[in-house]
Amino acid sequence: MSAVIAEESHVNKFDIVVAPGPWDPAPWRAAFEAKAGGRRVHVWPHDGEHLHAPAYVICSWKAEPRIFEALNNPEAVFSMGAGVDHLLPLAERPEIPVGRIRDPDLTMRMVEYVTFAALYLHRQIPHYQREQAAGQWTPVVQAAASDVRIGILGVGVLGKACGLHLQQMGFQVAGWARSSTDVGFNVFHGKEGLGELLAQTDILINLLPNTQETHGLIGYALFGKLSRIGKLSGPAFVNAGRGEAVVHADLQRALKDGTLSGAVLDVFAQEPLPADDPLWSMGNVLITPHVAADSDAAVVVDQIMHDVQRLESGLPLEQGVDLRRGY
Ligand code: NDP
Ligand code: OXD
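Residues numbered from 1 in each chain as written. Chains lettered and ligands numbered in written order. Predicted model: local features only at pLDDT ≥ 70, side-chain atom pairs only at ≥ 80, totals over all residues. Heavy atoms only, no water.

Every buried residue of helix α1 (residues 25-35) is accounted for by Trp 28, Ala 31 and Phe 32. Looking down the long axis of α1, one finds its buried residues gathered within 95° of arc, a one-sided arrangement. Looking at the buried positions of α1, the neighbouring elements they touch are β1 (15-19), β2 (41-43), β3 (56-60) and α9 (297-312). Near the N-terminus of α1, the side chain that reaches the backbone nitrogen of Ala 26, with its oxygen 3.2 Å away, is that of Asp 24. (Buried < 20%, exposed > 50% of the residue type's maximum accessible area, 1.4 Å probe, protein only. Helix = DSSP H or I, 4+ residues; strand = E, 2+ residues; numbered from the N terminus. Arc of directions from axis to C-beta. Contact = heavy atoms within 4.5 Å. Polar contact = N/O pair within 3.5 Å; in protein donor to acceptor, adjacent residues only side chain to side chain.)

Have a look at this one:
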């Protein structure tokens with residue numbers, strides 16, 4: 001994060017409305033109050049649904065959509081994470097600037113998670129966990145990383161960093177994006193390009209945002225297009241992007257019938273994943289509860305407050321997002 005721009009006494013300071021949705025509000029209140037530089041901090045809806053303030057910004061993580069009815073004239077709205085899908089209703093209000101978190105700390109956390117998932121699958125850890133449970137010593141043939149092909153859907157801030165890291169570890173890496181090309185590894189585009197990528201992928205990693213175009217993109221037919229002649233015991237899937245991109249029943253089916261050999265799943269269309277979901281008890285599935293890349297409060301607040309000060313000085317957001325594009 002660049003240095004916070006100097007506070008100017010003559011600019012009008014905005015109130016800060018923090019709407020942490022399902023998160024514990026206490027640490028967020030404390031983190032914003034510590035950095036608010038005299039601005040008033042309100043936690044929504046705990047401090048009241050409505051606000052008497054001439055000017056305010058909203059910092060939201062999956063806040064209930066009615067916040068934008070109760071507080072319908074914000075100077076800006078910030079996502080307290082990388083994803084902005086929870087703010088998509090604001091696409092109809094293009095006059096409201098929208099910001100998100102783009103931060104090396106969050107990116108590195110995602111690199112760690114995706115690297116862990118790729119190694120877990122590549123080094124056949126599920127097999128050894130099963131063998132350990134049975135008290136069995138059963139070595140299996142281990143491929144080199146350079147023989148394993150990883151395909152990344154979405155090569156933005158997170159997908160690019162993950163791809164470069166995996167490439168450095170020796171894996172063959174390629175990606176798929178809307179228009180990005182120059183990321184340091186081969187990137188495919190469009191429907192045809194997606195087919196080409198899948199045909200040369202052993203481990204598929206989803207890091208796409210949830211948009212109208214990506215919703216339900218990853219289904220049984222797509223899994224069926226993954227390469228079946230690779231060095232793993234069958235193609236595998238990692239989802240750290242959004243659950244909405246996946247057709248849940250198709251994922252269950254593909255993992256059950258061997259179309260997929262295994263999966264590491266961090267995100268689901270319904271979170272928490274319901275207790276009776278069959279994925280919980282599948283031996284070839286590892287589930288984590290949407291923790292791939294947590295937002296660190298200090299980092300998030302610093303980045304948002306930097307953009308609040310810019311806005312108060314009449315400058316555009318440094319971490320702005322065009323919601324009409326959807327991500
Ligand atoms: P970015 O916006 O930087 O990158 C998005 C990527 O997806 C870009 O490469 C973009 O293409 C590509 N893309 C978007 N739409 C399409 C499409 N229709 N077809 C093909 N490619 C598409 O996002 P980030 O990398 O920062 O984050 C990705 C997602 O990860 C977030 O939106 C969020 O959902 C998820 N996330 C999950 C976390 C977790 O803990 N599990 C934590 C943080 C984020 P192009 O480059 O051409 O624009
Ligand atoms: C994010 C997330 O988008 O945690 O930051 O999912």
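Right, let's talk about the layout of surface pockets for a bit. Over the atoms rolls a probe the size of a water molecule, and its path tells where empty space is left. In this structure, the second largest pocket occupies an estimated 220 Å³ of space. The wall of the second largest pocket is formed by Leu 121, Gln 124, Pro 126, His 127, Arg 130, Leu 232, Ser 233, Gly 234, Ala 236, Ser 261, Gly 262 and Asn 284. Top element by residues in the lining of the second largest pocket is helix α4 (residues 125-133). It accounts for three residues. Within the lining of the second largest pocket, the residues separate by chemical class into four nonpolar, seven polar and one charged. (1 Å grid on protein atoms, 1.4 Å probe; cavity = no way out; pocket = protein on both sides within 12 Å on 5 of 7 lines; lining within 4 Å. Points joined across faces, edges and corners; volume = space filled by probe spheres on them. Nonpolar A, V, L, I, M, F, W, Y, C, P; charged D, E, K, R; others polar.)

Moving on: the environment of Tyr 220. Looking at the element boundaries, Tyr 220 is found in helix α7 (residues 220-224). For Tyr 220 and Leu 88, which are 132 residues apart along the polypeptide, the C-alpha to C-alpha distance reads 27 Å. Tyr 220 has contacts with Asp 250, Arg 253, Ala 254, Asp 257 and Thr 259, leaving out every residue within four places of it along the chain.

What follows concerns the site of ligand 2. Taken together, Trp 61, Gly 81, Ala 82, Gly 83, Arg 242, His 290 and Ala 293 are the residues near ligand 2. Note that an oxygen atom of ligand 2 is positioned 2.7 Å from one of the backbone N or O atoms of Ala 82. Here ligand 2 has 210 Å² of accessible area as a free molecule, and 88% of this is covered by the chains. The residue makeup of the shell around ligand 2, split by class, is three nonpolar, three polar and one charged. (Near = heavy atom within 4 Å. Areas by Shrake-Rupley, 256 points an atom, 1.4 Å probe, with all protein chains shown as cover.)

In the neighbourhood of ligand 1, 29 residues make up the surrounding shell, with Arg 100, Leu 158, Ser 179, Ser 180 and Tyr 327 lying closest. Between ligand 1 and Val 155 there is a distance of 2.9 Å, counted from an oxygen atom to a backbone nitrogen or oxygen. Here an oxygen atom of ligand 1 and a backbone polar atom of Leu 158 are 2.9 Å apart. Computed on the free molecule, ligand 1 has an accessible area of 940 Å², of which 93% lies beneath the protein chains in the complex. Elements that contribute at least two residues to the shell around ligand 1 include exactly α3 (104-122), α5 (157-168) and β7 (172-177). Within the shell around ligand 1, the residues separate by chemical class into 16 nonpolar, seven polar and six charged.

Turning our eyes to something else, we now look at the sheet that holds strand β5 (residues 98-99). Overall, parallel pairing links the five strands, which are arranged β2-β1-β3-β4-β5 in an open sheet. If you trace the sheet from one side to the other, it starts and ends with β2 and β5, each paired once. Sheet topology places β3 next to strand β4 (residues 76-79); four bridges connect them, and they run parallel. Bridging across to β4, Ser 60 finds its partner in Ser 79. Lying over the sheet, α1 contacts β1, β2 and β3, oriented at roughly 170° with respect to β2. (Pairing = 2+ DSSP bridges. Axes fitted to C-alpha atoms, helices over the stretch in contact; angles between N-to-C directions.)

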